[in-house]
Amino acid sequence: MTTPGEEASVTSQFVRSYVITGGRSLPASDDLALHTLVTLAPERTPPLGAGPEVMAIWKLIAGGYLSVAEVAGHVGLPVGVARLLLTDLSEQGHLLRRAEPPRAQNVDRATLEKVLNGLQSLIG
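All values reported here derive from a predicted model rather than from experimental measurement. (Residues numbered from 1 in each chain as written. Predicted model: local features only at pLDDT ≥ 70, side-chain atom pairs only at ≥ 80, totals over all residues. Heavy atoms only, no water.)

Q: Would you mind going over the pairing of strand S1 (residues 37–40) with me for this structure?
A: Two faces, one strand: in a regular strand the side chains alternate between the faces of the sheet. Relative to strand S2 (residues 66–67), S1 is paired through two bridges, and the arrangement is antiparallel. If you follow Leu 37 over to S2, its bridge partner there is Ser 67. Of the pairings in the sheet, the one linking S1 to strand S3 (residues 95–98) comprises four bridges and is antiparallel in character. Paired with Thr 39 across the two strands is Leu 96, which belongs to S3. (Pairing = 2+ DSSP bridges. Helix = DSSP H or I, 4+ residues; strand = E, 2+ residues; numbered from the N terminus.)

Q: Where do I start with the sheet that holds S2 in this structure?
A: Sheet strands line up and pair through hydrogen bonds in the backbone, either parallel or antiparallel. Taking strand neighbours across the sheet as the criterion, the three strands line up as S2-S1-S3 in an open arrangement whose pairing is antiparallel. Across the chains shown, the open sheet's two edge strands, defined by having one partner strand only, are S2 and S3. Contacting S1, S2 and S3, helix H2 (residues 52–61) crosses the sheet at an angle of about 95° to S1. (Contact = heavy atoms within 4.5 Å. Axes fitted to C-alpha atoms, helices over the stretch in contact; angles between N-to-C directions.)

Q: Any chance you could explain H2 here in plain terms?
A: Residues three or four positions apart in an α-helix share a direction because the helix packs 3.6 residues into each turn. Glu 53, Val 54, Ile 57, Trp 58 and Ile 61 are the residues of H2 that are buried. The buried side chains of H2 occupy one side of the element, clustering within an arc of 140° when seen end-on. Across H2 from its buried face, at more than 90 degrees, point the exposed residues Pro 52 and Lys 59. (Buried < 20%, exposed > 50% of the residue type's maximum accessible area, 1.4 Å probe, protein only. Arc of directions from axis to C-beta.)

Q: Looking at this structure, I do not really get the environment of Gly 76. What am I missing?
A: Counting through the fold element by element, Gly 76 comes out in the loop between helix H3 (68–75) and helix H4 (79–91). When the C-alpha positions of Gly 76 and Ala 56 are compared, they lie 9.9 Å apart, and in sequence the two are 20 residues distant.

Q: Sorry, what's going on with the pattern of salt bridges here?
A: Any two side chains of opposite charge can pair, on the condition that their charged atoms come close. Overall, the coordinates contain one salt bridge when judged by the stated rule. Put simply, Arg 109 and Glu 113 hold a salt bridge, and the shortest N to O gap is 2.9 Å. Of the two residues, Arg 109 and Glu 113 are both situated in helix H5 (residues 109–123); the distance of four residues between them amounts to about one turn of the helix. A residue is classified by how much of its surface remains accessible, and Glu 113, at 37% relative accessible area, is partly exposed. (Salt bridge = Lys/Arg side-chain N within 4 Å of Asp/Glu carboxyl O.)

Q: I'm lost on H5 in this one. Help?
A: When the terminal C-alpha atoms of H5 are compared, their 21 Å separation across 15 residues agrees well with the 21 Å that a helix rising 1.5 Å per residue should span. Of the residues one or two after H5, Gly 124 is the one with positive phi, at around 110°. (Expected span 1.5 Å × (residues − 1).)

Okay, structure coming up:
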């Protein structure tokens, strides 16, 4: 806590996030959910002047699809910062995205019982 006349300290984590994003926030049209899978588009080169955080993300997702939440965790960035950097890479054409698959439809009990009976007959 601070007393009147005393300035509150600003944590380095807060300043760092602000510097990384340039003070920007996510655009209103952002559709990168935490479970959205991202990877690098084929035959892309890192953007000129990419910072160390963007390069860390670049190397990480070059190996295959990872969720936005996983990217943030592996790189050690707040999720909002990682989403903003991934949004930038996406707008520049560097990312491929894979939305989550649709939810499976429920199967009725009779069908499940037929499958179970068929499996039991195979096993003996």
